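Listed below are the residues making up each chain.
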Amino acid sequence: MILLETKQLTRAYGGVIAVSKVDFEVEQGLITGLIGPNGAGKTTLFNNITGLDVPTSGTVHYKGKEITGKSAHSICRMGVARTFQNIRLFKELTVLENVMVGRHFKVGTSPTKGRFGSVLKSFISLGNEEFEMKKEALHWLDFFELGELSDELAKNLPYGHQRELEIARALATEPSLLFLDEPAAGMNPQETEHLMSTIRRIRALGITVVLIEHDMKLVMNICDTITVLNYGQNIAQGTPKEIKRNPLVIEAYLGKEDE
Amino acid sequence: MKKMLSFALLILLVGVLFISCGGKKEEGTATPAGTTATTTSTAAPAKIENIKLGFIGPMTGDYANYGQLISKGAQLAIDEKNATGGIAGKAQIQLIIEDSEGNPEKGLAGIEKLSSSDKVVALVGPVFTGVTFAVGQRCQDEGLLMVTPSGTHADITNIGDYVFRTVPSDGLQGEVAGNYFYEVLGVRKLGALYIKNDYSQGLYEGTKASFEARGGQVTIAETGQIGDKDFKTQLTKIKAAAPDAIYIPNYTAEMAQILEQASQLGVNIPFFSSDGFSNPEIYDLAGAYTDGVVYVGPTKVEESEKAKAFVDKYTATYGFAPDSFATNAYDAAYILFDALEKVYKETGKFDRKAIRDAFAATKDFPGVNGLINFAENGDLVAYQGLYKVEGTTPVYLGAYTVVDGKLVEVK
Amino acid sequence: MGSAAEFFQHLMNGLTLGGIYALIALGYTMVYGILKFINFAHGDILMVGSYIGLFVYNAIRGQILGFWTIIAFFLSMLVGMVFSAVLGIAIERIAYKPLRKATRLAPLLSAIGVSFILSNLAAWMWGTKSKKLEYPFNNAPLHIGGVAITPHQILILVVVIVMMVALKLFIDRSRMGKAMRATSLDQDTAKLMGVKVDRIIALTFAIGSALAATAGFLIALEIKVYPSMGTMTGLKAFVAAVVGGIGNISGAMVGGILLGLIETFGVALIGIPYGLRDTIAFAVLIIILLVKPEGLLGKAEKEKV
Amino acid sequence: MLNFVLLIFIYSGIYALMAMGQNVITGYVGLLSLCQAGFFAIGSYATAILSVTYGWNFWLTIPIAGVLAALSGVLIGLPTLRLKGDYLAIATLGFGEIVRNILNNWDSLTRGPMGIQRIPMATVFGLKISPYEKWGFLVMVWIFVLVGYLFFRHLARSRMGRALEAIREDEIAASSMGINTTKYKVWAFALGAFAAGVAGSLQAVFTLSVSPGTFTFMVSIMVLCMVVLGGMGNFLAVILGAFLIQFISYFPQLVGLSNIIPPQFKQVLFGLILVVMMIWRPQGILGRAPRMTLNPKKKQPKDSDGGEK
């Protein structure tokens, strides 16, 4: 089943076309890799899907519903979560609080009604809500074995843990679809190894994962299917094996194998 | 973090303790002086100590100039009195000046401090109408005599029986101005340029009312904001509307700007002004443009020895000349001295109520501004002088008042 | 709104007012461009510069208007500019430099403190009365087709244009100017490229303050010299800088002129009561910012995700 | 003397309310707003006009004052949310000036520069809370501060507070976590304005007269100073900041120094203290509030170095 697809998605900044008529599909339950040289438009595609940017033309459908141009927060609420290339944690908040923010829209009396109403209500239902949130958040921290660090400020975590915390925060929104933007960037081989197993564990939870990655070893290892972007265009799609053999891909990456 | 918090609290605590101790001490010394209404000490004239008068005005900020000018008027009177031995030759007077920054909030803090910590016997001021209203209510409630030398708004004296002024109210000035412009100067179409502050607008409204009651018409009224220095836009519009005369009831600095810019724009319409024009500073700032201006001001008293002596002494002491508000403050202080002496001689102490009564009973006080009397409501019983400036010299045209809607010249 | 003459009269008034705003706005914009904070004390530096210029001018000018008075005028202006430049550098050293790495709001508050200190010290030392700065020339208006233009207005326009062109050339062409632009883009990189950042910042403050003093001295002819003379004008000039796109030199010019014209014509053309002039100015400001949040000539900064 | 001290505490309380409102906007959401003076004025005039012109009871005017201020907070908040940092500061400053400008010019409603006098005193069960009997008024004001503090502290510790802080830390990440950033920013503005409106209401029944001269943008600046001086994002610190600023500005009068030194020195002193404070402790006296921790026995997470971005 197709969980998410873009049709002819285009994003132009003035004269520069970052993403050009991309048809991109994400199959439910699989790990999809999105690769391509620097500046190929991978992150722009992510941003256009997750609502941080609005496509110039084309559509995005998620679970059969069009979500083109919807706001980031409503797309998140529909079950699409993401991480960022340059880690974007809430630096002055604690590790636990970071994850609790992910739980934010999951609690409260009615998800459609004003949050403020529930704040007022919380004066009466002293801390119940908070307790729930903490419990859930701790659950996700434990998933990454970060429980010990829950009271630490996010900015004080070592780099690898920051990456993990960001994923934990995204998972706390209970997504069906998780976008990871270069999760292995800056990691050493051991950490990357650990990350791979984590991503598999995430899939085991029934969450569909899409990841941008430059580490070919990781991509080829865990992705079920791979899409290749070059100059904003979708030049290839297929299993790792197919992609490895695709002449267009080889051309795009020529002389850049060390990336 | 905890340390910081407790440290801060400690400082707070020490501060409060320090203050309350200081306060007590002061109260302890102040009570024997018998300066409060509540004190029960009986007359012991020999042991009298200094008494305090309060002053509230803008000492900093845009209008600090007025606070300075006017407070010096009161200060001069006090210095003179002290040189003669003070009240009844015994009590030296101290002027406590509080800065209102032109803001009622600060003015209230000032009166609070004057009344409760300094225990002043009376207040000269505040300077401007907005603050005067806030402070006036407080004085009325405290039972503290307040005499404003420059709060001109017609309603001020309606606050209560403890509120007086030694400046004519806008009501009178406006009536005289409107009638005089219409009747004597033959103006039918009046233009106006006033600032959106209490003083300027109050005078404009008073003048407009009486001018239009006579059948004249204000054909164009432009306004400016407090602090404005550029009036070219308004003047350009007024020039186009071509009224018979332009009324500019403003503060000195603004009037100087208006006159100068009007000349630059080639506005050839006579200017009329208000008592703010009595400040000689206008001739320093815009001396080249003052010729022909007609203004309503205090009655002519310059010939009197008293007035001349005051102006000379003030100028010699402070290096600048007094305006009419400073003169009013000087008079207010002297009337107060009389009231204080009377009360002291009769009772041996300075009871606030008694001071108020003595002040209200003032009759034909020979002040710098001539003979001073107060109406029932605390208003100054006053006439308005009219002046026409020739070059940089104001020429007196006579004194006027309005009786039953009719302009009457006072001889 | 009547005749064409009246229109041109308003236009002239608006242009000179706007020119002054632009001149002051330049200082704000330069400092903002480099340090990313509002130098709240800018208007007070303007005031101090004007006082110094006034004192010098009164000391050296003769009684008779003539060539010398004009020379003396510009000499005094120069002294005022130099003094303000030094003052600007000193303030930066003492009150802002220690805060470069602190919260964004800290230098803003420090600047507010400096503003308090300067304006009140001036009031204490030099009194609160307005001091008159005599015109160095006969300021009788020239009537050109019913429009009254004073030599003073012409002087303002000439000085403003000269200053702006000079500044623009300096920033665009000179080595120092390039270093300045580099610093405003990225301090750390500029440092790596061998730019002496501290010195460039000092220079920025010096130039901005000198420009403020120039503006102050020019308007002093008309509005006189007094301790709070820089406050409201400074605030308006800052608005102008923001409208034009803060950090952008040309933007400051455009914003300044535009604000002057809006203030003049908003009242003159539409017939809104003059009392609401500031309302118009600020409302236009808000509208411009809504349409173009980065200001008229500012570059939109897209946050990289 | 005691009365004067009490007066300082009353003003401190009124400003503390405003400062707490500012703290929601600036300390929590990280928006530099400079229009507390405008909201303060709206609250003050609402109470003044309703009680003088329409004879309303003070207690009824309070919610109206708060809501009117909050609505204007939304009014300024909604369109200006696209603006960042100093652009927002200037737009809000402009709004504050517009409010004052309108109050000064709308003569038929506000009586323009004359202001409104004779505002009836607040009463409780027929008892007047007179601004002259300082204790009663002091208690009333500080009850408001206490209620405000409890409310805001609860808010800060709830998920709403966390959402606001997330927006401050990283707006993009926050919206990607399902937080409606626009809504929360507008809420922050509304709440901040509400607090200032209520403060204005109290101010009106304290001074018993209102005039435009009170509501200059210096008020907004002072309130901002209180927040930064106390410690952003920390409601207790902000109350302390409000008290300190009031204390400092009345200190010369308090110790009788105001009669001796030239009046300008008071302001110079104030300026000096600001500069020195900022250099000494740019993060404010108390700094940010300590984070809530899961395990209180463990050490607090290391305090930040005041590092706002």
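Preceding block: the structure.
For every chain, the first residue of the written sequence is number 1, and numbering continues from 1 onward in sequence order. A letter from A marks each chain and a number from 1 marks each ligand, given out in the order of writing. A pLDDT threshold of at least 70 governs which residues receive local features in this predicted model, and a stricter bar of 80 or more applies before side-chain atom pairs are shown or counted, although totals over entire chains, interfaces and linings include all residues. Only heavy atoms go into the side-chain values, all of them from the structure, while hydrogens and water stay out.

We now examine the overall build of chain C. Helix and strand definitions here come from DSSP, where helices need a minimum of 4 consecutive H or I residues and strands a minimum of 2 consecutive E residues; each element is numbered from the N-terminal end. On a plain count of helices and strands, chain C comes out with 11 helices and 2 strands. Radius of gyration here uses only the C-alpha atoms, and the compact-globule reference equals 2.2 Å multiplied by the residue count raised to the power 0.38. Taken against the 2.2 N^0.38 rule, which gives 19 Å for 305 residues, the C-alpha radius of gyration of chain C at 19 Å falls within 12% of a compact globule. Dimensions along the principal axes, computed over C-alpha positions, put chain C at roughly 60 × 45 × 40 Å. Split into buried and exposed, the 305 residues of chain C put 62% on the buried side. By definition in these notes, contact holds between two residues if any of their heavy atoms fall within 4.5 Å. Once local pairs closer than 6 in sequence are excluded, the contacts in chain C between residues at least 24 apart make up 74%. In this description, accessible areas are obtained by the Shrake-Rupley approach with a 1.4 Å probe, and a residue is regarded as covered only by the protein chains that are shown. As presented, chain C carries roughly 11,600 Å² of accessible surface, and 70% of it is formed by carbon and sulfur atoms. Two residue types count as positive, namely Lys and Arg, and two as negative, namely Asp and Glu; His and chain ends fall outside the count. Every charge is mapped to an atom, namely NZ of Lys, CZ of Arg, CG of Asp or CD of Glu. Each charge class in chain C can be summarised by its mean position, and for the 25 positive and 14 negative side chains these summaries are 7 Å apart. Burial classes follow relative accessibility: with a 1.4 Å probe on protein chains only, a residue under 20% of its type's maximum area counts as buried, one over 50% as exposed, and anything between as partly exposed.

The secondary structure content of chain D amounts to 12 helices and 2 strands. The C-alpha radius of gyration of chain D comes to 19 Å, within 12% of the 19 Å expected for a compact globule of 309 residues. Projected onto its principal axes, the C-alpha positions of chain D cover 55 × 45 × 40 Å. Relative to its 309 residues, chain D shows a buried fraction of 70%. Distance from the positive charge centre (23 side chains) to the negative charge centre (11 side chains) of chain D: 7 Å.

In this section: the pairing of strand β4 (residues 145-148) of chain B. All names here are of chain B. Side chains L145 and V147 of β4 all project onto a buried face; the interleaved residues M146 and T148 project onto the opposite face, where all are buried too. Sheet analysis places strand β3 (residues 122-124) next to β4, joined by 3 bridges and oriented parallel. Bridge pairing links A122 to L145 in β4. Considered for its hand, the β-α-β crossover made up of β3, helix α4 (residues 129-142) and β4 is right-handed. Two strands qualify as a pair provided that DSSP identifies no fewer than 2 bridges between them. Here a crossover is taken to be right-handed if, once the strands point away from the viewer, the path from the first strand over the helix to the second is traced clockwise.

Residue and element names in this part refer to chain D. Here the expected span of a helix is defined as 1.5 Å times the quantity of residues minus one. Between its terminal C-alpha atoms helix α1 (residues 2-28) stretches 36 Å, which fits the 39 Å expected from 27 residues at 1.5 Å a residue. For α1, the buried fraction is high: 24 of the 27 residues fall into the buried class. Count one or two residues on from α1 and you reach G30, which has phi positive near 75°.

Between its first and last C-alpha, helix α9 (residues 181-207) of chain D extends 39 Å over 27 residues, near the 39 Å set by a 1.5 Å rise per residue. Burial of α9(D) is extensive: 23 of the 27 residues sit out of reach of the surface.

Our focus in this paragraph is the pattern of salt bridges. We define a salt bridge as a contact between a side-chain nitrogen of Lys or Arg and a carboxyl oxygen of Asp or Glu at a distance within 4 Å. Under the criterion given, the structure shown has 39 salt bridges over all chains. The residue C:R100 makes a salt bridge to C:D198 at a minimum N-O spacing of 2.7 Å. Of the two residues, C:R100 is situated in the loop between α3 (67-96) and α4 (105-126) and C:D198 in helix α8 (residues 197-223); the sequence distance between them amounts to 98 residues. On the accessibility criterion, C:D198 (31% relative accessible area) is partly exposed. Close ionic contact of D:R168 with D:E169 constitutes a salt bridge, the shortest N to O distance being 3.1 Å. D:E169 gets classed as buried once you look at its relative accessible area, which sits at 7%. One salt-bridge network, held together by shared partners, links B:E112, B:R138, B:E142, B:R352 and D:K134.

Let's shift gears to the nonpolar core. Membership of the largest hydrophobic core comes to 246 residues, with the highest contact counts inside it found for C:L26, C:Y96, C:M229, D:M20, D:F39 and D:M140. In this structure D:F39 touches D:A69, D:S72, D:G73, D:I76, D:F95, D:F189, D:A193, D:A196 and D:G197, once residues within four positions along its chain are discounted. Residues B:L53, B:I87, B:Y204 and B:L340 belong to the second largest nonpolar core, which totals 77 residues. In this description, a nonpolar core means a group of buried Ala, Val, Leu, Ile, Met, Phe, Trp, Tyr and Cys residues linked to one another through side-chain atoms lying within 4.5 Å.

On to the environment of D:E171. Residue position: D:E171 is located in helix α8 (residues 171-176). Residue D:E171 is classed as partly exposed on the basis of its relative accessible area, which comes to 30%.

Turning our attention to the packing of aromatic side chains. When the centres of two rings from Phe, Tyr and Trp lie within 6.5 Å, Trp using its six-membered ring, the rings pair. Their planes under 30 degrees apart give stacked, over 60 give edge-to-face, and anything left gives tilted. Considering all chains together, one arrives at 62 aromatic pairs over all chains under this definition. Between B:Y66 and B:Y251, the ring centres sit 4.9 Å apart and the planes meet at 50°, which makes this aromatic pair tilted. Taken as a pair, B:Y66 in helix α2 (residues 64-83) and B:Y251 in the loop between β8 (245-248) and α8 (252-264) lie far apart in primary sequence, 185 residues in all. Each member of the pair, B:Y66 as well as B:Y251, carries the same accessibility label: buried. Judged by centre distance (5.7 Å) and plane angle (40°), the rings of C:Y96 and C:F205 are tilted. Of the two residues, C:Y96 sits in helix α3 while C:F205 sits in helix α8, which places them 109 residues apart along the sequence. Note on C:Y96: relative accessible area 2%, which makes it buried. Residue classification places C:F205 among the buried residues on the basis of a relative accessible area of 2%. Ring pairing ties together the aromatic residues B:F310, B:Y314, B:Y318, B:F320, B:Y330, B:Y334 and B:F337, which thus form one cluster. Across from the ring centre of A:F143, 4.1 Å away, lies the NZ or CZ of A:R201, which sits over that ring. Over the ring of B:Y182 we find B:R188; its NZ or CZ atom is 3.8 Å from the centre of that ring. Both a distance and an angle decide whether a charge sits over a ring: NZ of Lys or CZ of Arg must be within 6 Å of the ring centre and within 35 degrees of the ring normal.

Adjacent strands of a sheet pair through backbone hydrogen bonds, lying either parallel or antiparallel. Residue and element names in this part refer to chain A. Pairing is antiparallel in the open sheet, where 4 strands are placed in the order β2-β1-β4-β5. Edge positions in the sheet fall to β2 (16-27) and β5 (65-66), since each has one partner strand and no second. Judged from the 5 bridges that link them, strand β1 (residues 2-13) and strand β4 (residues 57-62) form a sheet pairing that is antiparallel. Note on β4: the bridge partner recorded for L4 is Y62. Orientation is described by axes fitted as lines to C-alpha atoms, over the contacting stretch for helices, and by angles from 0 to 180 degrees between their N-to-C directions. The strands touched by helix α1 (residues 42-50) within the sheet are β1, β2 and β4, with β1 carrying the most contacts at an inclination of about 115°.

The 3 strands are arranged β11-β12-β13 (chain B) in an open sheet whose pairing can be described as antiparallel. Each end of this open sheet is capped by a strand with a single partner; those strands are β11 (365-367) and β13 (380-381) of chain B.

On to unusual backbone geometry, then. Residue B:P126 follows B:G125 across a cis peptide bond; omega there is -10°. As for its placement among the helices and strands, B:P126 is situated in the loop between β3 and α4.

One can find B:E222 in strand β7 (residues 217-224). Leaving out residues up to four positions away in the same chain, B:E222 has contacts with B:A192, B:L193, B:Y194, B:Q234, B:K237, B:I238 and C:Y274.

Moving on, we get to the packing of helix α2 (residues 42-60) of chain C against α4(C). Residue and element names in this part refer to chain C. Where α2 contacts α4, the axes come no closer than 9 Å and their chain directions differ by 25°. The angle between the axes of α2 and α4 places the two elements in the roughly parallel class. As α2 packs across α4, the resulting crossing turns out to be left-handed. On α4, the residues touching D44, I45, M47, V48, Y51, I52 and F55 of α2 are S115, L118, S119, A122 and W126. Polar here means any residue other than Ala, Val, Leu, Ile, Met, Phe, Trp, Tyr, Cys and Pro, which are nonpolar, and Asp, Glu, Lys and Arg, which are charged; Gly is therefore polar. Class assignment of the residues belonging to the contact of α2 with α4 gives a composition of 9 nonpolar, 2 polar and 1 charged. An angle counts as roughly parallel when it lies under 35 degrees, as roughly antiparallel when it exceeds 145, as roughly perpendicular when it falls between 65 and 115, and as oblique in every other case. In this scheme the crossing of two helices becomes right-handed for a clockwise turn of the near helix relative to the far one and left-handed for an anticlockwise turn of less than a right angle.

Such coordinate-based values are descriptive only and should not be taken to indicate function.
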